[in-house]
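Read off the chains here:
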Amino acid sequence: MALDAKIPSGPLQDKWAKHKRDSKLINPANKRKFTIIIVGSGLAGGAAAATLSELGYKVKCFCYQDSPRRAHSIAAQGGINAAKNYQNDGDSVYRLFYDTLKGGDFRSREGNVYRLAEVSVNIIDQCVAQGVPFAREYGGLLANRSFGGAQVSRTFYARGQTGQQLLLGCYQALEKEVHNGGVQMYPRTEMLDMVVVDGHAKGIVVRDMQTGEISSHAGDAVLLATGGYGNVFFLSTNAKGCNVTAAYRAHKRGAYFSNPCYTQIHPTCIPVSGDYQSKLTLMSESLRNDGRIWVPKKAEDAKKNPNDIPDSDRDYYLERKYPSFGNLSPRDIASRSAKEVCDEGRGVGPGGRGVYLDFRDAINRLGEDAIRNRYGNLFQMYAKITGENPYKAPMRIYPAVHYTMGGLWVDYNLMSNLPGLHVLGEANFSDHGANRLGASALMQGLADGYFVIPVTLAVYLAGQKPGAVTTDAPEFKAVEEEVRTRTKTFLDIKGKRSVDSFHRELGLLLWDKCGMARNKAGLEEALKKIPEIREEFWQNLRVPGNGTNLNQELEKAGRVADFMEFGELMCRDALDREESCGGHFREEHQFTEADPEVKSGTTQPGEAKRHDDKFAYASAWEYAGKDKPPVLHKEELVFDTVKPSVRSYQ
Amino acid sequence: MNLTLKIWRQEGPDAKGQMQTVEARDIPEEASFLEMLDIVNERIIEEGGDPVQFDHDCREGICGTCSLTINGVPHGPDNGVTTCQLHMRKFRDGDTIWIEPFRAKAFPVVRDLVVDRSAFDRIIAAGGYISVRTGSAPDANGLPIEKDHADQSFDAATCIGCGACVAACPNASPMLFVGAKASHLNLLPQGKPELDIRVLAMVRQMDAEGFGNCTNHYECEGVCPKEISADVIARLNREYACASVKEGVA
Ligand SMILES: Cc1cc2nc3c(=O)[nH]c(=O)nc-3n(C[C@H](O)[C@H](O)[C@H](O)COP(=O)(O)OP(=O)(O)OC[C@H]3O[C@@H](n4cnc5c(N)ncnc54)[C@H](O)[C@@H]3O)c2cc1C
Ligand code: FES
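The rules behind each value
- Residues numbered from 1 in each chain as written.
- Chains lettered and ligands numbered in written order.
- Predicted model: local features only at pLDDT ≥ 70, side-chain atom pairs only at ≥ 80, totals over all residues.
- Heavy atoms only, no water.
- Core = buried A, V, L, I, M, F, W, Y, C linked by side-chain atoms within 4.5 Å.
- Buried < 20%, exposed > 50% of the residue type's maximum accessible area, 1.4 Å probe, protein only.
- Contact = heavy atoms within 4.5 Å.
- Domains from an automatic or database assignment.
- Buried area = accessible area lost by both parts, 1.4 Å probe.
- Salt bridge = Lys/Arg side-chain N within 4 Å of Asp/Glu carboxyl O.
- Polar contact = N/O pair within 3.5 Å; in protein donor to acceptor, adjacent residues only side chain to side chain.
- Helix = DSSP H or I, 4+ residues; strand = E, 2+ residues; numbered from the N terminus.
- 1 Å grid on protein atoms, 1.4 Å probe; cavity = no way out; pocket = protein on both sides within 12 Å on 5 of 7 lines; lining within 4 Å.
- Points joined across faces, edges and corners; volume = space filled by probe spheres on them.
- Nonpolar A, V, L, I, M, F, W, Y, C, P; charged D, E, K, R; others polar.
- Pairing = 2+ DSSP bridges.

1. Quick word on the nonpolar core
Here comes step 1: Core analysis: the biggest nonpolar cluster contains 213 residues, and A:I36, A:I80, A:F134, A:L223, A:L224 and A:L421 have the highest contact counts within it.
Here comes step 2: What A:L223 contacts, discounting residues up to four positions off in sequence, is A:I36, A:I37, A:I38, A:V39, A:A48, A:L52, A:H422, A:L424, A:I453 and A:L457.
Here comes step 3: Judged by nonpolar contacts, the second largest core, of 29 residues, contains B:I7, B:A24, B:I44 and B:F54.

Structure, rendered in structure tokens:
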């Protein structure tokens, strides 16, 4: 099937305005008759639910947490981008568009990215009006900071809690609509499957996590805003409950999954310290402004007290390899370099998977107080978690899984190839290409929820008769039955191993073979091993208790069962993509000294090497049935405005 | 380290609960409190038992999902942290640790250590927002806000809605939670137009949910993982009194 992104014709800067002008409207009296199902109450889902309800639609919103306020968006720290140009430093919609497209290594759509940059300015207005307390200057106006991949200062922030404050604004708008009767909220309710009627997504099957009751909900359209799948790796900076289930279930019902291999690994996280560890904590990238990253030159020094290792025995490898960017090299480079030195046996700390981030020189130069002023809260967080004093000994850091650029395929209207299904926020694939720039995920989630879907949903609904499908349709009964059987199967296996033990095993394998660097042999090995792990999972899993009350092991079992299949899709996608781009680094495809781009100084050896002639497409995988390989569809990416070039950081 | 845990076990909302003694063996002191419970649960599962149910999600102190009253103190012995940020090095080998849910009439137990805090959502729904339709906002810099006010508003806005304040209060009063939301919004110029209806509606909803009232014990301030000051309660009381008077006159 040819994938039509439905990008409006005309000049880039007119597309969105033209689309809004040309799109059908639903008259107010009719809106009330449409029921919209929204799964997810993070920035994307919460914003959509509040706004669609304000417009008059009947909204049912679901989340697995006990309150919509706890969606994972709450954890975002650094900030949100917007092309306001309040600093008068030359920012513009075009510049934000260009930075985002280039940051994504030319693997996203021009039309979508331009629209994102355009609506970014409305987001800030909306949030301030809701009472989001962004940082301000003494004159009372909004403050900005700079973020990676940009030469202007366009990031709005609320201390280190930007996500929290944005989500509270969104949550309050949502609760306002709950109070007004437009939104029915279903917390602690997990979507376990999607229902397709006559080729259209018309409902979901959910489990009440408190009573175990399985039930159906029908709607005129289904919106998934269920976040990213980083937890497939078990260890990540994501919240424990983040999962791929909603997206993957939709995939199995016909929705294409795009670019599953694009994952972002963040270079500065607190390293794994033992097998008991349940998650990884992000340390802001800003630390790299003053910290110097190093490992011992000799593997035998790796166990020594770092303060006893003289400078002559230290390898400041980023400064050595990338003299012009040094410790501020881009995320993917910094992450991969840390892996390399650890692979050589020079990593430090438990398990040898860590590198030092050392403030000794900065403290000597500026004094401890200056460093405390700049990074006090981060140093404290580090001390609480590790029990070490980062003013006295260098921090240990290591890259960790952070964000997933891949997601369900959607067109310009955020609609999947499966009619009626719309996908928002991190759960879709649309705007970040192969690499997301910092502070752009919050922007995208809110853009999708507040400003895009309220317009584009009508394009679909205009052709639908409201309330035409109810849960009486036989399709609902059939899917419900499948969900019941599946739940019962988990409980009936009564094997020996816990869900977590399988999840850890899968995660380690993926981290090793489909993590920071991938190669053909490793991916093929993973593709052989994942089915073996999965096989054992279905034979030897132990889920205690029954399905009739709160049962967290049962919840996890469902999510991990989907990760077991999804992990395979990731590896398949990574194997297909015989190039390196953004977060996807295939060891076979990197620049070497022999390349003209290196000789001319445009790039450096070891940088990701794209192959635009063959791979300037978004992959879109179609589920083909149990034990059948998925079918690859390609959406060719068209660049009318910007000519893809080698990403250069010099 | 080895520990003896006394854990509240309760099958469901209507079941009778009791404390159960569980031995926690070989716990690394680098582990967080919740990771300690993960290890304990892993063993329970291996041995064919029912693992302890407890709430958690972000595990970095921001989502407000984790709860637990540890040795009688919501979020345990460390200051300014949530349970998920508490580390085992705060305890000693051989310790006995009491682990209970956040208890309050308005927070019914769902199972074991998990409670239902949806009353908080209903308090926000009653008035904890600024009514602004999407798309109707003026330019963000059109309304300069004094940095001091913005900062104070922020301090209140850091509330994570965990409910520790309620669990710590002898009256199970949520005034720190309600006060924090009121201060967050009422200190901003955008929040002024709805100030009166906001505080009246939130306080009335709080009463309707079966929470108690504040009689100035200030236990809440001591356990708040975000160290929100009880000043927000005083401000809310003033605003409520004022709004009630105006309502009476009107
Ligand atoms: C530590 C950290 C820091 C970050 N910092 C930044 C930053 O500074 N700037 C930035 O731009 N981005 C940042 N990001 C990324 C950004 O936070 C996320 O990409 C974004 O918030 C995702 O929003 P969302 O609405 O798509 O999904 P989420 O907020 O993850 O929401 C998902 C929703 O779906 C629900 N859900 C999921 N599955 C189901 C199911 N099966 N059934 C029912 N409900 C379900 C959940 O309950 C939840 O309500 C950060 C991410 C992390 C991990
Ligand atoms: S789990 Fe999120 S605050 Fe503790």
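2. Concerning the domain arrangement of chain B
You'll often see interface size given as the accessible area lost when the parts meet.
All names here are of chain B.
Here comes step 1: Taken domain by domain, chain B holds domain 1 (3-111) and domain 2 (117-249).
Here comes step 2: Placing a centre on the C-alpha atoms of domain 1 and another on those of domain 2 gives a separation of 29 Å.
Here comes step 3: Taken together, the contact pairs 22 residues of domain 1 with 20 residues of domain 2.
Here comes step 4: Summing the contributions of domain 1 and of domain 2, the shared interface buries around 1,400 Å²; its carbon and sulfur component is 64%.
Here comes step 5: For domain 1, the biggest contributors to the area lost against domain 2 are P74, A106 and F107; these three give 35% of the whole.
Here comes step 6: Along the contact surface separating domain 1 from domain 2 lie one salt bridge.
Here comes step 7: When the shortest N-O distance is used, the salt bridge between R117 and D55 registers 3.6 Å.
Here comes step 8: Remark: the boundary between domain 1 and domain 2 carries three residue pairs in polar contact (both at pLDDT 80 or more).

3. Looking at unusual backbone geometry
Here comes step 1: Although it is not a glycine, A:N88 adopts a positive phi angle of roughly 55°.
Here comes step 2: On the secondary structure map, A:N88 appears in the loop between β3 (80-81) and α4 (93-103).
Here comes step 3: Despite not being glycine, B:D112 has its phi angle at roughly 45°, a positive value.
Here comes step 4: Examined against the element boundaries, B:D112 turns out to sit in the loop between β6 (109-111) and β7 (114-115).
Here comes step 5: Given a relative accessible area of 1%, B:D112 falls into the buried group.

4. Describing the layout of surface pockets
Residues and elements named next belong to chain A.
Here comes step 1: A volume near 810 Å³ is recorded for the second largest pocket.
Here comes step 2: The wall of the second largest pocket is formed by 28 residues, among which K252, E565, Y623, K626 and D627 lie closest to the centre.
Here comes step 3: Contributions of two or more residues to the lining of the second largest pocket are made by β6 (189-197), α7 (245-252), α13 (474-493), α15 (520-540) and α16 (552-576).
Here comes step 4: Looking at the lining of the second largest pocket element by element, the count peaks at five residues for α15.
Here comes step 5: Tallied by class, the residues present in the lining of the second largest pocket amount to 10 nonpolar, four polar and 14 charged.
Here comes step 6: Split by domain, the lining of the second largest pocket shows at least three residues from each of two domains, domain 1 (32-265 + 403-461) and domain 3 (474-636).

5. Here's the deal with the side chain of B:Q53
Here comes step 1: Mapped onto the elements of the fold, B:Q53 is located in the loop between α1 (33-46) and β3 (69-70).
Here comes step 2: In this structure the side chain of B:Q53 is engaged in a polar contact, spanning 3.4 Å, whose partner is the backbone oxygen of B:P51.
Here comes step 3: Leaving out residues up to four positions away in the same chain, B:Q53 has contacts with A:L550, A:N551, A:Q552, B:R111, B:D112, B:L113 and B:V114.

6. Regarding the sheet that holds strand β15 (residues 395-404) of chain A
Residue and element names in this part refer to chain A.
Here comes step 1: The five strands are arranged β11-β15-β14-β12-β13 in an open sheet whose pairing can be described as antiparallel. Unpaired on one side and paired on the other, β11 (263-269) and β13 (314-315) mark the two borders of the sheet.
Here comes step 2: Relative to β13, strand β12 (residues 292-296) runs antiparallel, the two sharing two bridges. From the neighbouring strand, V295 faces β13, where its bridge partner is D315.

7. Things to note about the sheet that holds β3(B)
Residue and element names in this part refer to chain B.
Here comes step 1: Strands sit in the order β2-β1-β5-β3-β4 across an open sheet of five strands; the sheet is mixed. Lying at the two open borders of the sheet, with one neighbouring strand each, are β2 (18-24) and β4 (73-74).
Here comes step 2: The pairing of strand β1 (residues 3-9) with β2 spans seven bridges and is classified as antiparallel. Note that in β2 the partner of W8 across the bridge is M19.

8. Concerning the interface of chain A and chain B
Here comes step 1: Every contact between the two is made by 71 residues of chain A and, on the other side, 76 residues of chain B.
Here comes step 2: At the boundary of chain A with chain B, total buried surface from both sides reaches about 6,100 Å², with 51% on carbon and sulfur atoms.
Here comes step 3: Looking at the side of chain A facing chain B, the largest losses of area belong to A:R70, A:R136 and A:Y276, adding up to 12% of the total buried there.
Here comes step 4: Our count for the chain A to chain B interface comes out at six salt bridges.
Here comes step 5: Between A:K384 and B:D78 there is a salt bridge, and its shortest N-O distance comes to 3.4 Å.
Here comes step 6: For the interface between chain A and chain B, the tally reads 47 residue pairs in polar contact (both at pLDDT 80 or more).
Here comes step 7: Listed by contribution, the elements that provide at least two residues to the side of chain A that touches chain B are α3 (43-55), α5 (110-130), α6 (162-180), α11 (368-386), α12 (441-461), α14 (499-513) and α16 of chain A.
Here comes step 8: Per element, the largest residue contribution to the side of chain A that touches chain B is eight residues, and it comes from α6(A).

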